[in-house]
Amino acid sequence: MSVSISHFSIPFSESSIASSISLFPGSANSFRLSKGSRLVLHGGAGSFCWRFRGLKLRILKRLNRRQNVPANELKGIRNQDKAQSENPSSKDEQYSEAASTISLSNGSAEEHTGTTSQPNRSTLPPVRTSSSNLNVDDNHGRPSLCIAVIGATGELAKKKIFPALFALYYSGFLPENVGIFGYSRKDLTDEELRSLIASTLTCRIDHQRDCGDKMDAFLSRTYYLNGGYDNKEGMSKLNSRMEQIEGGYRANRIFYLSVPHEALQDVASSLADNAQTKKGWNRIIVEKPFGFDAVSSQLFTKSLLSKYEEKQIYRIDHLLGRNLIENLTVLRFSNLVFEPLWSRTYIRNVQVILSEDLSMPRGRYFDGYGVIRDIVHSHMLQTIALLAMEPPISLDGEDIRNEKVKVLRSIRELEPSDVILGQYKATSQDKVDVSLSSRTPTFFAAALYIDNARWDGVPFMIKAGVGLIKHRLEIRIQFNSVPGNLYRERIGHNTDLATNELILRDVPDEAILVKINNKIPGLGLHLDASELNLLYKDKYNAEVPDSYEHLLLDVIDGDNHLFLRSDELAAAWNIITPVLQWIDQNNMAPELYELGGRGPVGSYYLWAKHGVRWADD
């Protein structure tokens, strides 16, 4: 038996189609068995193709169970369905094109552009294992995905964005026919842009084979456009250039807005009106800072949502692309040893620490924004939200973001006595910004409380600072003392030293540490606080991808759980706005600390006030 409509022909068993047709309400009107055991489908093209997606996914699931079709191939089909919902206006156009031929046999599945007759199976290309390539049609060498970097000549684009895109391309996570577009106001040619970014592209140690050939291929697919100073005209020119490269075929587009924050709103608005494709989905990436305060952030969000749907917007914070952050949910929800202990019943306090030494350069906007808007507002609060959220109903990005925003809304309003601000003392001899306003904090410490049943009374201590003694990024979870501990006399007076602790460290030397009490070998009974150590560099012989690679791949795959949704953004501003008002009203001034030191002395007193043992530097 086979199914045929226009140019679709799929052979499979009668039992398979019988169970699959039941997926569709009113399917009797579209499916009819004809002579010769041939199933004829009729009805409107749009209606049929929409239903046929579900049939295709059902068939692939059956093949996956029987013959082990790769799971990420199923993810590609789901992403294709999700992409339709992001650009519903393109559905009818895609259906009317009728340019897909799908053939399923012997447990394989291919999707490509073809003619009305069934092609010779031996000529079909093999299915790639990279997730981003599973949901695109063959465009006869034309790009099926186009990525435009707005602000292509800036430092962020040269040092981070283009190298991350090349790393994804080399590793097979971008289509071979991808189109990369650089857009800025400088007068450059395609070749000049390629020369500009070529020196920043490198192959990781574990990906050295054919590095030069891959680099040449990537650069040959990189194009440049001088947008000038009129954003509307520039975006229209960008759209024309992208359509020229796409050749009229269906292609999805990603726009990375790496532009100064004061130009962001006009660029985003002009892009929405003049550069979005109507033949695929469109996604935009917005860099922090996400506004200067709650009011400016709300106005910008309102402007974005008037032009884009929420699911098209990806607010990126590169610190959230660290492996430590992604591992939080894995540790919690895939290990029985942790999740039952994850509450006020067993956890005494939580510390989230991000300290940067003198080797870490700051963004040009740091003066005026400071550490609160730059680090605390997104990275620190998002880390706490992922750490403290209730189990989501699934790993879908929206389900995770629903739980995160509940945590942010449950955080108690800060009191001035629970906040410590600091600013490093620097001279012109130091290699740091010495022109900071006297009110710009370079250090922030606070005690947060989450007013819900799981975390009532547990202090979440956060510390973020620059110009400190060492670079460190870690989360420390200290557990309660053992009630009626039989060995308390052996522990000594400082029972804190015997507290069990889970340490998730990203810098230096990514590791997971569990601190336990242990008997020292030998005669007598002497206890020692020891660490069970999973050091990543010893366990895994692989180079850790840059956080921009991770987050860009998430955007391509439509995974938005590490990107701030509008309601999360507003909830985060509600938490830090009182502190910003205290600073503006001169009710709170930063405490000076030595550059390269341990930070303000007041932070040690804050930890002691809430009964938390300070993590040793």
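Anyway, here's the lowdown on the structure attached to this text. Everything quoted here is computed from the prediction, not taken from an experiment. (Residues numbered from 1 in each chain as written. Predicted model: local features only at pLDDT ≥ 70, side-chain atom pairs only at ≥ 80, totals over all residues. Heavy atoms only, no water.)

1. Details of the pairing of strand β10 (residues 252–257)
Side-chain positions along a regular strand alternate between the two faces of the sheet. With six of its six residues buried, β10 lies for the most part within the structure. Side chains Asn-252, Ile-254 and Tyr-256 project from β10 onto one buried face, and the interleaved Arg-253, Phe-255 and Leu-257 project onto a second face that is buried too. Pairing of strand β7 (residues 145–150) with β10, which is carried by six bridges, proceeds in the parallel orientation. In the sheet register, Ala-148 faces β10, and the bridge partner there is Phe-255. The pairing of β10 with strand β11 (residues 282–287) spans five bridges and is parallel. Bridging across to β11, Phe-255 finds its partner in Ile-284. The parallel pair β10 and β11, bridged by helix α9 (residues 264–274), forms a crossover whose chirality is right-handed. (Buried < 20%, exposed > 50% of the residue type's maximum accessible area, 1.4 Å probe, protein only. Helix = DSSP H or I, 4+ residues; strand = E, 2+ residues; numbered from the N terminus. Pairing = 2+ DSSP bridges. Right-handed = clockwise from strand over helix to strand, strands pointing away.)

2. Overview of the packing of aromatic side chains
One pair of aromatic rings is described through two measures. These are the centre distance and the angle between the planes. Going through the model one piece at a time under the given rule, you end up with nine aromatic pairs. Pairing Phe-338 with Trp-342 gives two aromatic rings, centres 6.5 Å apart and planes at 75 degrees, and the pair type is edge-to-face. Three or more aromatic residues joined by ring pairs form one cluster here, namely Phe-166, Tyr-169, Tyr-170 and Phe-218. Here the basic side chain of Lys-214 rests over the ring of Tyr-169, its NZ or CZ set 5.4 Å away from the ring centre. Here the guanidinium or amino end of Arg-373 rests over the ring plane of Phe-292, the centre of that ring lying 3.8 Å away. (Phe/Tyr/Trp six-rings, centres within 6.5 Å; stacked < 30°, edge-to-face > 60°. Lys NZ or Arg CZ within 6 Å of the ring centre and 35° of its normal.)

3. So, the packing of helix α5 (residues 155–170) against helix α16 (residues 547–557)
Here α5 crosses α16 at 65 degrees, and the two axes come no closer than 9 Å. Where α5 crosses over α16, the two elements pack in a sense that is right-handed. The residues of α16 that touch α5, namely those facing Leu-156, Lys-160, Ile-161, Ala-164, Leu-165, Ala-167 and Leu-168, are Tyr-548, Glu-549, Leu-552, Leu-553 and Ile-556. Partitioning the contact of α5 with α16 into residue classes produces 10 nonpolar, no polar and two charged. (Axes fitted to C-alpha atoms, helices over the stretch in contact; angles between N-to-C directions. Left-handed = near helix turned anticlockwise from the far one by under 90°. Contact = heavy atoms within 4.5 Å. Nonpolar A, V, L, I, M, F, W, Y, C, P; charged D, E, K, R; others polar.)

4. Some thoughts on the sheet that holds β7
To summarise the sheet geometry, strands pair through backbone hydrogen bonds and adopt either a parallel or an antiparallel arrangement. One open sheet holds the six strands; their spatial order is β9-β8-β7-β10-β11-β12, and the pairing between them is parallel. Bordering the open sheet on either side are β9 (222–226) and β12 (313–316), each of which pairs with just one other strand. For this sheet, the mean inter-axis angle between neighbouring strands, taken without regard to orientation, is 20 degrees. Both β11 and β12 contribute to a ladder of four bridges, which runs parallel. Within β12, the residue paired with Ile-284 across the bridge is Ile-313. Across the sheet, α5 is in contact with β7, β8 (179–184), β10 and β11; its angle to β7 comes to roughly 170 degrees. The strands touched by helix α10 (residues 294–307) within the sheet are β11 and β12, with β12 carrying the most contacts at an inclination of about 145 degrees.

5. So, the sheet that holds strand β20 (residues 527–535)
Spatial strand order, β20-β19-β18-β17-β13-β16-β15-β14-β21: nine strands in an open sheet with mixed pairing. Unpaired on one side and paired on the other, β20 and β21 (591–594) mark the two borders of the sheet. Looking at each pair of strands side by side, their axes are set apart by 20 degrees on average, direction ignored. Set on the sheet, helix α11 (residues 323–333) makes contact with β17 (472–479), β18 (501–507) and β19 (511–519); between it and β18 the angle comes to about 150 degrees.

6. Here we look at the pairing of strand β15 (residues 443–449)
Within β15, seven of the seven residues are buried, which leaves it mostly tucked inside the rest of the structure. Of the two faces of β15, the one lined by Phe-443, Ala-445, Ala-447 and Tyr-449 and the one lined by Phe-444, Ala-446 and Leu-448 are each fully buried. The pairing of strand β14 (residues 419–425) with β15 spans four bridges and is classified as antiparallel. Within β15, the residue paired with Val-419 across the bridge is Ala-446. One ladder, built from seven bridges, connects β15 with strand β16 (residues 459–466); its direction is antiparallel. Bridging from a neighbouring strand, Phe-443 pairs with Gly-465 of β16.

7. Focus on the state of the cysteines
Counted under the stated rule, the structure contains one disulfide. The residue that forms a disulfide with Cys-203 is Cys-211, at a sulfur-sulfur distance of 1.9 Å. The chirality of the disulfide connecting Cys-203 with Cys-211 is right-handed, given an S-S dihedral of about 95 degrees. Considered together, Cys-203 and Cys-211 belong to a single accessibility category, that of buried residues. (Disulfide = S-S within 2.5 Å.)

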